[in-house]
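Each chain, letter by letter, is given below.
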Amino acid sequence: FKRILEDRIAGAVAMASSTPAYQFASKGYHAAFAPQPKIEPDGLRAAAIDYIKKFDSKSWYNNPMRTILRGEHMTGGKGKTTCDAFGRENGTQILATDAQADEVLRHVKNYKPPQVDYRAAMRRIDTKILSLPMAGEIIGNQALDFGKQDGITEIVESVEANAVEQRLNDALFEDEQKGNVKIHRFPAFIGCVSNFSNFLDLCRKVLRNMELGVPVVVLSRSNTTQHCYRWFLLLLDLLAQEGIDSGMLTYFSCDIEQTKALFRACPECPAYFTCSREVAESVKKNLPKIMSSTGGPNTMVATKYTPEISTALRYSAMIENKGQCTAMRHFVLPECTPEMVDEIFKPTPVINHVLESLESKGFAGLYAFNKHASRSDYKPVPSQPMIQWRMARRPPLEIEERWREPVVDITAPSSSDFRSEVFVKELSQWLIKEQPITLAVNGDEDLAMKLFEQTGLGIYTVGTLENPGLTAQARPQDGECFGEFPPRAQLNTYTHLPVIIPSSTPGYNTEYTPEFLDRVAKGAYPPGLEYCEELFKGCSAPVLGMVKTLCTYLADSCGPKRGFGYDKGDRTSLFGLQRPPLLEDSPTVFRAAAGTTFDELAPYLAPFYVTNARSQLVVSVDPACGLSAQLGQFQGLQVVSEDEQAFQKHVASILPYNLITLSGKGSLEPILAMHWVSRLFCMGHIKSVKSKDDAFLAKFSASRKWLAMQSGASKL
């Protein structure tokens, strides 16, 4: 049995193809996870504690933040105070003058990196800044500014994950050297996140971009901005030691209007933000190439109340005093009572300083000073009145993130209602609408399977009542790949592309070269897809090359891959490309409006048509575009010919998972295959909290949710 299981999973990995390793879920991608370096956490903790105890609170006033351009520290602008995560003053900042902002703009528009390969130097820097003593300093600064109670785990996991993403960068650079892709080296804007800045910003967004010759501009924040500026200064000194041109790294100490003006003037530049959907939407109006990772109401479902479930709920809701992107905002517990809510949160430790958690190895203490105005629709927990809650029989119609606030929503159906298909479908539709990052299901693998198959999240965790999973668990270096995705139908409102981790950061602003697409267009389809030759022969050469590239990528990458926690004796996971949610009346709809050409439609159509997602696609065709006859050759494809009025009525009668409208105005955007596909399909992982859980692998690797090729035998 075990051999059959291993063959099933390995079959998806071992398919021969030329797909490069930087493509998510490909054979090469799966091979990029090992080996990984290690770092000792106890030394990091001791160094961070020592740094905090010796920290001079005047230092962030005496050395204020400021714009740094080509190594020059700029002064003369308006001064202001900065504040920590809880609004407390903690330093000063000198904003750029308008003339200095103009200098930054000229630099962004005109700077050309002296070389395109800084990998050796940047990786030496990577090692230094994530080793002692610097690692203790950046953990300490983050703790002081953001109040992060466990910055040690972030560094430990960064060291491991960085090795994976460096290999993905190596594969991208190699493909560029072959002439297959072009990495655009316009400066990248980095909008720092506050809670994971040492990994997401310093490592993923800055170091990984710079090592392939992409200059970066780090932007100041309205709060918790001091610790990001401090790692910037460390990095600037390390660049000088390596002889790297200082123009590669800019810090822009700016106000919102200066930021908007810079964005409007640089539409060619990418930006990388981890933020709220409101911020992402605002930025995208001025900067179309924003890659934003946005949060959502992370949810835990438990079938029964137990002491272990109580602890899991408390940890998930209070982690970093809810200053973590995977912290729980909502839980579902049948027959939950107010007394249970009080019992869950009563043991929450109340702390006055971050050192209390660092010294005790805690991560979910409630800051005594983190007080927020109460709301009439929420109640205080009797034993912990700073924590607010509300409860209903159904998932909340509206729910706000309320970052850093200790607040939870509770759905408490009756036991019989909880088990009904009606409730499970309602919860699935709510999860699709709200799009949390993560869902943990404890106590019922069959329920976990239903919710996995009927939703499209990035992280799923399956636990038991005795050993429950938290919402705040994902180790990307173990194949617990994750992303903070907006609702699929609203992607274009918030982001240029969804971001999956691990991945090659420069790859988000990389395109196939015309020569590569022309060469691929003249080649063959992957085995089993020969039938596509006749269907797509009317495409222009670039589009045909894109279609064949997508087909090659999918043929190599479909099917679940076993994560590497299994071999380490940690959690057991599966990751890969997934179909859209398997719900009736929730198809993906392509609207081919008047003027749409087959060239425009073909790259969207191909990924669905060659996979088991074919039945989940509806193509609505305006009779004026003249595509109905051509689409009639695609057997099994749902094609509806309807004018605009009929289309609007049709869409109103269903709940489309995704809706993409084409009009003939768009030209081919030859982005990497994984990114093209990410706009259409789900991607991420599902895991069991158990180690070497072969029963979990057997059950969930056989799920219909995994994307599979349509033409041959299923890889599942």
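Shown above is the structure to which this text applies.
**Description of the pairing of strand β27 (residues 682-691)**
Judged by how many residues are buried, β27 sits mostly within the fold: 8 of 10 residues are covered. Two strands pair when backbone bridges link them, and strand β19 (residues 459-463) and β27 are joined in this way by 4 bridges, in the parallel orientation. Note that in β27 the partner of Val 462 across the bridge is Ser 688. Across 8 bridges, strand β22 (residues 571-578) lies against β27 in antiparallel orientation. Bridge pairing links Leu 577 to Met 683 in β27.

**Overview of the layout of surface pockets**
When its volume is computed, the largest pocket comes out at roughly 1,000 Å³. Lining the largest pocket are 41 residues, and of these Arg 221, Ser 222, Phe 273, Cys 275 and Val 279 sit closest to its centre. Mapped by element, the contributors of at least two residues to the lining of the largest pocket are α11 (256-265), β9 (271-275), α12 (277-286) and β10 (290-294). Looking at the lining of the largest pocket residue by residue, the classes come out as 18 nonpolar, 16 polar and 7 charged.

**Some remarks on the nonpolar core**
Counting 143 residues, the largest nonpolar core has Phe 24, Leu 249, Phe 536 and Leu 631 as the members making the most contacts within it. Apart from residues lying up to four places away in sequence, Leu 631 is in contact with Phe 598, Leu 601, Leu 605, Val 619, Val 621, Leu 637 and Val 639. Formed by 27 residues, the second largest nonpolar core is a distinct cluster that contains Ala 312, Val 341, Leu 366 and Leu 465.

**Observations regarding helix α13 (residues 307-318)**
Each turn of an α-helix holds 3.6 residues, which means side chains three or four residues apart point in the same direction. For α13, built from 12 residues, the straight-helix expectation of 16 Å at 1.5 Å per residue is met to within 8% by its first-to-last C-alpha distance of 17 Å. What α13 keeps buried is the set Ile 309, Ser 310, Ala 312, Leu 313, Arg 314, Ser 316, Ala 317 and Met 318. Just beyond α13, the residue with positive phi is Glu 320, at close to 50 degrees.

**Notes on the packing of aromatic side chains**
If you walk through the whole model with that rule in mind, you get 31 aromatic pairs. Relative to Tyr 251, the ring of Phe 232 lies with its centre 5.2 Å away and its plane at 65 degrees, an arrangement referred to as edge-to-face. Here Phe 232 is found in helix α10 (residues 226-242), whereas its partner Tyr 251 is found in strand β8 (residues 249-252), with 19 residues between them in sequence. By relative accessible area, Phe 232 is classed as buried at 0%. Joined through ring pairs, the aromatic side chains of Phe 24, Tyr 29, Phe 33, Phe 564 and Phe 575 make up one cluster. One cation-aromatic arrangement involves Arg 88 over Phe 369; the distance from NZ or CZ to the ring centre is 3.9 Å.

**Things to note about the packing of helix α7 (residues 134-146) against α10**
Where α7 meets α10, the axes come as close as 8 Å, and the angle between the chain directions of the two elements is 160 degrees. Looking at the two axes, α7 sits roughly antiparallel to α10. Judged by residue contacts, Met 134, Glu 137, Ile 138, Asn 141, Gln 142, Asp 145 and Phe 146 of α7 engage Gln 226, His 227, Arg 230, Trp 231, Leu 234 and Leu 238 from α10. Of the residues assigned to the contact of α7 with α10, the class counts are 6 nonpolar, 4 polar and 3 charged.

**Overview of the pattern of salt bridges**
Tallied over the full model, the rule gives 45 salt bridges. Of the charged contacts in the structure, one is a salt bridge between Lys 537 and Glu 534, with a shortest N-O distance of 2.7 Å. Under the relative-accessibility criterion, Lys 537 is labelled exposed at 55%. As a salt-bridge pair, Arg 562 and Asp 567 come within 3.4 Å of each other at their nearest N and O atoms. Residues joined in a network through salt bridges with shared partners are Asp 117, Arg 119, Arg 123, Asp 126, Asp 170, Arg 208 and Glu 211.

**Focus on the packing of α7 against helix α9 (residues 197-210)**
Running from N to C, α7 and α9 point in directions that differ by 125 degrees, and their axes come no closer than 11 Å. Here α7 lies oblique to α9, going by the angle between them. In this structure, α7 contributes Ile 138, Ile 139 and Gln 142 to the contact, and α9 contributes Ser 197, Asn 198 and Leu 202. Broken down by class, the residue content of the contact of α7 with α9 amounts to 3 nonpolar, 3 polar and no charged.

Calculation notes
- Residues numbered from 1 in each chain as written.
- Predicted model: local features only at pLDDT ≥ 70, side-chain atom pairs only at ≥ 80, totals over all residues.
- Heavy atoms only, no water.
- Buried < 20%, exposed > 50% of the residue type's maximum accessible area, 1.4 Å probe, protein only.
- Helix = DSSP H or I, 4+ residues; strand = E, 2+ residues; numbered from the N terminus.
- Pairing = 2+ DSSP bridges.
- 1 Å grid on protein atoms, 1.4 Å probe; cavity = no way out; pocket = protein on both sides within 12 Å on 5 of 7 lines; lining within 4 Å.
- Points joined across faces, edges and corners; volume = space filled by probe spheres on them.
- Nonpolar A, V, L, I, M, F, W, Y, C, P; charged D, E, K, R; others polar.
- Core = buried A, V, L, I, M, F, W, Y, C linked by side-chain atoms within 4.5 Å.
- Contact = heavy atoms within 4.5 Å.
- Expected span 1.5 Å × (residues − 1).
- Phe/Tyr/Trp six-rings, centres within 6.5 Å; stacked < 30°, edge-to-face > 60°.
- Lys NZ or Arg CZ within 6 Å of the ring centre and 35° of its normal.
- Axes fitted to C-alpha atoms, helices over the stretch in contact; angles between N-to-C directions.
- Parallel < 35°, antiparallel > 145°, perpendicular 65-115°, else oblique.
- Salt bridge = Lys/Arg side-chain N within 4 Å of Asp/Glu carboxyl O.

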